Structure formats: structure tokens, C-alpha cells
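Observations on the model geometry
One-letter residues, chain by chain:
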Amino acid sequence: MNQSGRWKRIINSMHFRVLILLLVIGLVPVFLMKRGILRGFEAQTVSMRASMIRNQCSRLSADIIDAGYLDSGSSDVVDKELNQIAELYSGRVILVNGRFRIIRDTYSIDEGKTVIAKELIECFQGKDTDYYVAENDFIEVVCPITDDVTKNVVGAFIVSIPTTDIILARRNLSQSVLIIEIIMVLLIIVISFYFSRLLVRPFGKVTAMMNSGGTDFLTDDISIPDYTETELLSEAYNQMRHRLQAQEESRQMFVSNVSHELKTPMTSMKVLSDSLIQQAQMGEVPNELYQEFMVDIGEEIDRENKIITDLLTLVKMDRHSPDIQIEETNINDLIGLILKRLRPIASRSGVELALESYKPIIAQVDQTKFTLAISNLVENGIKYNKENGWVHISLNVDNTYFFVKVQDSGIGIPAEDQGQIFERFYRVDKSHSREIGGTGLGLAITRQAVLMHHGAIRVYSREGEGTTFTVRIPLKYSEQETAES
Ligand code: ADP
């Protein structure tokens with residue numbers, strides 16, 4: 001197998017797909033987890049920092065109100081405390097009065113200026129506002145100064161602090177998480193490999209078990225109950241194996257039957273010719289004896305010839321795409337012709353032939369094969385009959401099918417043999433059949449010919465009383481229809 005073929009095989013394998021699935025299921029949460037942890041940490045730290053500032057500001061607001069700082073702008077205590085907060089967070093604290101004027105700026109830059117910002121307006125309306133700008137690395141907290149008596153917001157703190165320490169802590173955390181992440185990724189890869197192998201292993205077992213038998217169909221049934229699918233697969237395989245086994249047995253049986261049947265006339269001929277040679281060695285062979293033996297040999301050759309002809313007919317019809325010459329045919333006329341041909345044989349055996357046909361029938365059939373099928377049935381009716389017996393053939397038709405019934409007053413077929421008479425070389429009474437020139441292939445040919453027309457054949461018989469064969473064939477031949485027996 002070339003390189004691209006190998007890759008295609010790997011990519012198409014169930015093992016590979018299960019592996020990818022497990023990796024995706026395992027790794028996606030790990031990557032999301034890292035993002036989640038870092039973001040959560042940052043948000044949590046920022047909000048803690050903001051709430052600490054808020055606490056400190058609200059504690060300080062009481063002092064500011066008490067000292068009237070918003071009006072006078074002077075109080076050493078308040079100044080000190082404001083500077084303390086600014087120093088603590090290495091940031092900037094701005095104090096704004098009710099008229100949006102900056103009373104105090106720990107950076108002493110904007111004092112006396114008026115500041116109007118959205119957050120500030122919201123704060124005066126009673127809302128707490130934190131403002132975190134990650135890109136600029138600082139937090140801005142706007143915190144109200146509320147008059148305890150009037151409950152009015154009389155001023156506000158604007159505290160801006162850098163988040164350098166938070167960013168640093170985040171970076172450290174990110175490194176630790178990365179180590180955990182790498183360990184987890186490796187672990188997930190190993191686990192995914194292990195489980196993907198484990199999950200598809202039963203399918204490997206099925207293949208191994210199927211291969212273990214090689215071409216020998218006589219090995220045991222396989223059973224992999226690990227999954228429902230593998231169980232179904234094993235069952236399907238076993239069924240297929242049984243079918244092939246049955247086919248193989250029937251093929252072997254057929255070959256051995258063929259050899260046996262072909263050998264029998266040969267053996268007779270050998271015996272006849274040997275005895276002629278032997279007699280010739282002992283002296284003059286009488287002319288009559290010579291002639292008698294030659295007639296016997298001729299008969300054996302005829303028999304051999306008939307077996308071979310029948311076999312060839314059967315094999316031709318057995319092919320998967322048998323050639324069938326369908327023609328619109330007048331069935332009444334065709335059967336009339338068949339009977340005309342068989343009448344001399346029947347009268348030689350003292351058997352009366354009669355045809356009953358109720359309606360004219362036009363159907364699509366292969367005339368040669370249909371003739372073969374019906375001739376075999378009528379011939380059998382004559383062959384396996386009694387003295388002064390009869391064979392009645394009746395024809396009937398409905399909208400879809402036509403029916404041929406061949407009924408005889410013959411020896412009948414024992415119930416236990418009726419199921420097998422359509423098999424090749426099956427004969428109820430081997431010696432009797434041979435005596436009257438049967439090959440055991442006639443009914444197999446008939447059945448095959450009927451099946452090729454998508455028809456059906458049935459036998460009804462009572463030993464000693466007679467036999468009836470009924471054939472049902474569709475009036476219109478269709479390529480697709482499945483055959484039934
Ligand atoms: P054969 O060449 O021996 O007649 P067939 O395949 O035509 O072979 O028939 C198989 C066997 O079925 C025959 O050997 C015979 O025993 C039995 N059989 C077939 N048709 C009849 C019948 N009409 N009456 C009695 N037995 C029959």
C-alpha cells in the first residue's frame with residue numbers, strides 16, 4: 001500500500017475518529033478552563049480591590065462631612081487620610097463637591113477645576129460605579145459622600161489606582177495554570193489513545209475471528225457479544241457462513257452425483273465389452289450374442305448422452321444471468337404440440353393422454369424452456385404410470401397467471417420423498433427410474449424453468465393413487481420479479 005493509501009486508511013478508521021472525538025471532548029474544556037480561571041481571578045481581584053476602596057471611602061466620608069471639608073477644603077486629618085489611601089494603592093484620589101468642583105486632588109493637578117463625567121453623575125444619582133480599564137491597567141472607583149442627616153449625596157471620591165500588581169499576579173497564575181494545562185493535555189492524550197483502542201477492540205476481534213477460519217467454512221461460529229453491533233455482525237457472518245457451507249456441501253454432493261451417474265453407464269459398457277472380449281478369446285462369439293451386447297452398449301451410450309444433455313440444460317439455466325427468449329405465445333397451441341409429440345410414447349405404454357383447456361391463453365414465455373418443463377411433467381406422468389393409466393393436462397387462467405395441471409393415475413410419490421423430488425439426481429426408486437431411462441434431473445430442470453418465468457410449482461401425490469403437479473406462471477414476464485418455488 002502506498003503512503004497516501006495508508007493515510008487514507010488511518011483517517012477512515014474508526015479508531016482514528018474515536019480518538020479525535022475523545023481528544024476534542026477532553027481538550028476543549030481544558031483550554032476553556034484556563035481562560036475561565038484567569039478571567040475569574042482578574043475580575044475577582046478587581047472587584048475586591050474596588051470594594052476595599054469603597055469601604056475606606058465610606059469610612060472617610062463621615063470625617064469629611066464632620067469637618068465641613070467639602071465647603072472649607074481644609075482639614076489636616078482628612079488630608080492625611082486621603083493621602084494615606086492614595087499611598088496605600090499608589091494611586092490618585094480626587095474629592096469632588098456637590099457642584100462638581102474638585103476640592104482636593106492628591107496629585108494637586110486639577111484642584112479647583114470642574115469635572116463632569118458620566119460615572120460622577122451616576123454616583124450623584126445614588127449608583128455605585130467601578131470602572132476597570134484593562135488596557136490602561138487601572139481601576140477607577142467613584143464613591144459617594146452621603147450626608148447622614150439629609151441622606152443626600154453631597155460629594156464624591158474619584159479613586160484611580162493602577163493594577164500592575166494584579167496583572168503581575170495574573171501572569172504568575174497563568175504560568176502555574178499552563179503547567180497544569182500541559183499535564184492535563186498529556187494525560188488526556190494518553191487516556192484518549194487508551195480508550196479509543198479499547199472501544200474499537202471488539203471490531204478488531206470480529207475481523208480476527210473471521211480471518212482465523214481462512215477458507216475453511218467448517219470452523220465454529222463466531223460470537224463477540226461486547227457490543228450489540230458486534231453481536232449482530234457475528235450473527236450476520238455466521239448466517240453467511242452457514243449459507244456458503246450449505247452451498248459448498250450441495251456443490252460437492254452435485255459433483256459426486258454427477259461423477260457417479262456418468263460412471264454407471266461406463267461401467268456397464270466396460271462389463272459388456274470385457275465379456276465380449278473374454279468370449280472371443282474362448283472361441284467364436286455367436287452373432288446374436290454379439291448383436292445383443294452391441295445393442296446394450298448402444299443403450300448405455302444413449303443414457304450417458306441423455307445425462308450429459310440434461311446436465312448441460314440445467315447448468316445453462318442455473319447461471320446467474322440466464323439467457324431467456326421471451327415470446328408472446330399461444331399456450332393452448334404449444335401444449336397441444338407437446339402432447340402430439342408425446343402421444344406415441346404414451347400409447348406405447350398404454351397410457352391415455354387428455355387435454356382440457358377452458359380458455360385461450362396468450363402468455364409471455366420462453367417456448368423452449370416452457371416446453372421442456374411441461375414435457376418432463378407429462379413424460380413422468382407416462383413413465384411412472386400403471387397399465388391402462390391416464391395423464392390429464394388441464395389449462396386455466398386468471399387476470400395475472402395461467403395454470404397448467406398435470407395429473408396422472410400412476411404409482412404416486414411417498415409423502416417423505418415429495419420434498420426432495422425437485423433436487424438434482426433425486427429418485428424415489430433408483431433402479432426403477434434407471435430401468436425406464438430416467439436421469440433424476442427432469443424435475444430439477446422443470447423447477448428451474450418455472451422459476452426463470454417467476455412462476456411456482458407444487459406437487460400433490462398419494463402413493464398408489466397418482467400424482468398432480470401444478471404450475472403457475474405470470475402471463476406477463478417481468479425482469480425484476482423475484483422467484484418463488
Ligand atoms: P427421473 O429422470 O428419474 O424421472 P425426475 O427428476 O423427473 O427424474 O423425477 C424425480 C423422481 O420423482 C423420479 O425418479 C420419480 O421417482 C419421482 N416422480 C417424478 N414424477 C413422478 C410421477 N408423475 N409419479 C410418480 N413419481 C414421480
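The structure reproduced in this document is the subject of the present report. All residue numbers refer to positions counted from 1 along the written sequence of the respective chain. This being a predicted model, a pLDDT of at least 70 is required before a residue's local features are given, and a value of 80 or more before pairs of side-chain atoms are given or counted; all residues contribute to the totals for chains, interfaces and linings. Side-chain numbers here rest on the full set of heavy atoms in the structure, without hydrogens or water.

Description of the pattern of salt bridges
Spelled out, the test is: When a carboxyl oxygen of Asp or Glu lies within 4 Å of a side-chain nitrogen of Lys or Arg, that pair is called a salt bridge. Only DSSP runs of H or I covering at least 4 residues are called helices, and only runs of E covering at least 2 are called strands; the numbering of each starts at the N terminus.
Scanning all chains against the criterion turns up 17 salt bridges. Asp221 is the partner of Arg241 in a salt bridge, and the nearest nitrogen-oxygen pair spans 2.3 Å. One end of the pair, Arg241, is in helix α7 (residues 228-282); the other, Asp221, is in the loop between α6 (164-212) and α7, with 20 residues separating them in the sequence. Across the salt bridge formed by Lys306 and Asp310, the nearest N and O atoms sit 3.6 Å from each other.

Some thoughts on the sheet that holds strand β7 (residues 352-357)
Our working rule: Strands are labelled as partners when DSSP assigns at least two bridges between them. Working convention: axes come from line fits to C-alpha atoms, limited for helices to the stretch in contact. Angles between N-to-C directions cover 0 to 180 degrees. Note on definitions: a residue-residue contact is assigned when non-hydrogen atoms from the two residues lie within 4.5 Å.
Spatially, 5 strands are ordered β7-β9-β10-β12-β11 in an open sheet, and the strand pairing comes out mixed. Two strands lie at the open edges of the sheet, namely β7 and β11 (456-462), each paired on one side alone. Ignoring strand direction, the axes of neighbouring strands in this sheet form an average angle of 15°. Bridge analysis of strand β10 (residues 401-408) against strand β12 (residues 466-474) gives 8 bridges, and the strand direction is antiparallel. If you follow Gln407 over to β12, its bridge partner there is Thr468. Packing of helix α10 (residues 367-383) onto the sheet brings it into contact with β7, β9 (390-397), β10, β11 and β12, and relative to β10 it is tilted by some 20°.

Looking at empty space enclosed by the protein
We count it as follows: Every definition here rests on a 1 Å grid over the protein atoms only: cavities are sets of points where a 1.4 Å probe fits but cannot get out, pockets are open sets enclosed by protein on both sides within 12 Å along at least five of seven lines, and lining residues have some atom within 4 Å of a point. Grid points are joined across faces, edges and corners, and a volume is the space filled by probe spheres set on the points. When residue character is reported, Ala, Val, Leu, Ile, Met, Phe, Trp, Tyr, Cys and Pro are called nonpolar, Asp, Glu, Lys and Arg charged, and the others, Gly included, polar.
In the structure shown here, the tally under the stated rule is 1 cavity of 30 Å³ or more. Taken as a whole, the largest cavity spans an internal volume of roughly 40 Å³. Secondary-structure elements contributing two or more residues to the lining of the largest cavity are α10, α13 (442-452) and β12. Looking at which element gives the most residues to the lining of the largest cavity, the answer is α10, with 4 residues. Counted by class, the lining of the largest cavity contains 7 nonpolar, 1 polar and 1 charged residues.

Side note on the nonpolar core
Here is the rule we go by: The set of buried Ala, Val, Leu, Ile, Met, Phe, Trp, Tyr and Cys residues whose side-chain atoms join them within 4.5 Å is what this entry labels a nonpolar core. For each residue, the accessible area found with a 1.4 Å probe, counting protein chains only, is set against the maximum for its type, and the residue is called buried under 20%, exposed over 50%, and partly exposed in between. Domain start and end points were adopted from an automatic or database domain assignment.
Ranked by size, the top nonpolar core spans 48 residues in total, and within it Phe370, Val378, Phe402 and Val404 carry the most contacts. The element that contributes the greatest number of residues to this core is helix α9 (residues 331-348), accounting for 7 residues. Counting the residues that make up this core, at least three belong to each of domain 2 (228-316) and domain 3 (322-474). Not counting the four nearest positions on each side in its chain, Phe370 is found in contact with Ile331, Leu334, Ile335, Val365, Phe402, Val404, His453 and Ile473. Counting 24 residues, the second largest nonpolar core, distinct from the first, contains Leu70, Ile103, Val141 and Phe157.

So, the site of the ligand
Applicable threshold: When we say a residue is near a molecule or strand, we mean one of its heavy atoms is within 4 Å of it. Side-chain atoms alone can form a polar contact between residues adjacent in sequence; in general such a contact is a pair of N or O atoms within 3.5 Å, and within protein one must be able to donate a hydrogen while the other accepts it.
Around the ligand, the surrounding shell holds 21 residues, and the nearest of these are Asn380, Tyr384, Ser433, Thr439 and Leu443. Lys383 has a polar side-chain atom sitting 3.1 Å from an oxygen atom of the ligand. Thr467 places a side-chain nitrogen or oxygen 3.4 Å from a nitrogen atom of the ligand. Of all elements in the fold, only α10, α13 and β12 reach the threshold of two or more residues within the shell around the ligand. Tallying contributions element by element places α10 first for the shell around the ligand, with 3 residues. Grouping the constituent residues of the shell around the ligand by class yields 9 nonpolar, 9 polar and 3 charged.

Some remarks on the packing of α7 against helix α8 (residues 287-318)
As a reminder of what qualifies: In what follows, roughly perpendicular refers to angles from 65 to 115 degrees, roughly parallel to angles under 35, roughly antiparallel to angles over 145, and oblique to any angle outside these ranges. Crossings are classed by handedness, with left-handed meaning an anticlockwise turn of the near helix from the far one by less than a right angle and right-handed meaning a clockwise turn.
Axis separation between α7 and α8 bottoms out at 10 Å; the angle between their running directions is 165°. Compared by their axis directions, α7 and α8 come out roughly antiparallel. The handedness of the crossing between α7 and α8 is left-handed. Partitioning the contact of α7 with α8 into residue classes produces 17 nonpolar, 4 polar and 5 charged.

A word on the side chain of Ser375
Along the polypeptide, Ser375 turns up in helix α10. By relative accessible area, Ser375 is classed as buried at 4%. Residues within four places of Ser375 in sequence aside, it is in contact with Ile338, Arg341 and Leu342.

Some points on the packing of α8 against α13
At a closest axis distance of 10 Å, the pairing of α8 and α13 adopts a crossing angle of 25°. By the angle class used here, α8 and α13 are roughly parallel. Along this stretch, α8 crosses α13, giving a crossing that reads as left-handed. Residue-level inspection shows Asp310, Thr313, Leu314, Met317 and Asp318 of α8 in contact with α13, the latter providing Ala444, Ile445, Gln448, Ala449 and Met452.

Side note on the packing of aromatic side chains
Here is the rule: Here is the rule: rings of Phe, Tyr and Trp (six-membered ring for Trp) pair when centre to centre is within 6.5 Å. Planes less than 30 degrees apart are stacked, more than 60 are edge-to-face, and the remainder are tilted. Placement of a positive charge over a ring is assigned whenever Lys NZ or Arg CZ falls within 6 Å of the ring centre and within 35 degrees of the normal to the ring plane.
According to the stated counting rule, one finds 7 aromatic pairs in the structure shown. Seen from their ring centres, Tyr194 and Phe195 are 5.3 Å apart, and the 80° between their planes marks the pair as edge-to-face. Residue classification places Tyr194 among the partly exposed residues on the basis of a relative accessible area of 48%. By relative accessible area, Phe195 is classed as partly exposed at 38%. Above the face of the Phe254 ring, Arg424 is positioned so that its terminal group lies 4.3 Å from the ring centre.

Section: the layout of surface pockets
Volume-wise, the largest pocket comes out at about 800 Å³. Those elements that place two or more of their residues in the lining of the largest pocket are α8, α10, α12 (430-435), α13 and β12. Broken down by element, the lining of the largest pocket gets its largest block of residues, 8 residues, from α10. A breakdown of the residues in the lining of the largest pocket according to their chemical character gives 14 nonpolar, 16 polar and 9 charged. When residues of the lining of the largest pocket are assigned to domains, at least three fall in each of domain 2 (228-316) and domain 3 (322-474).

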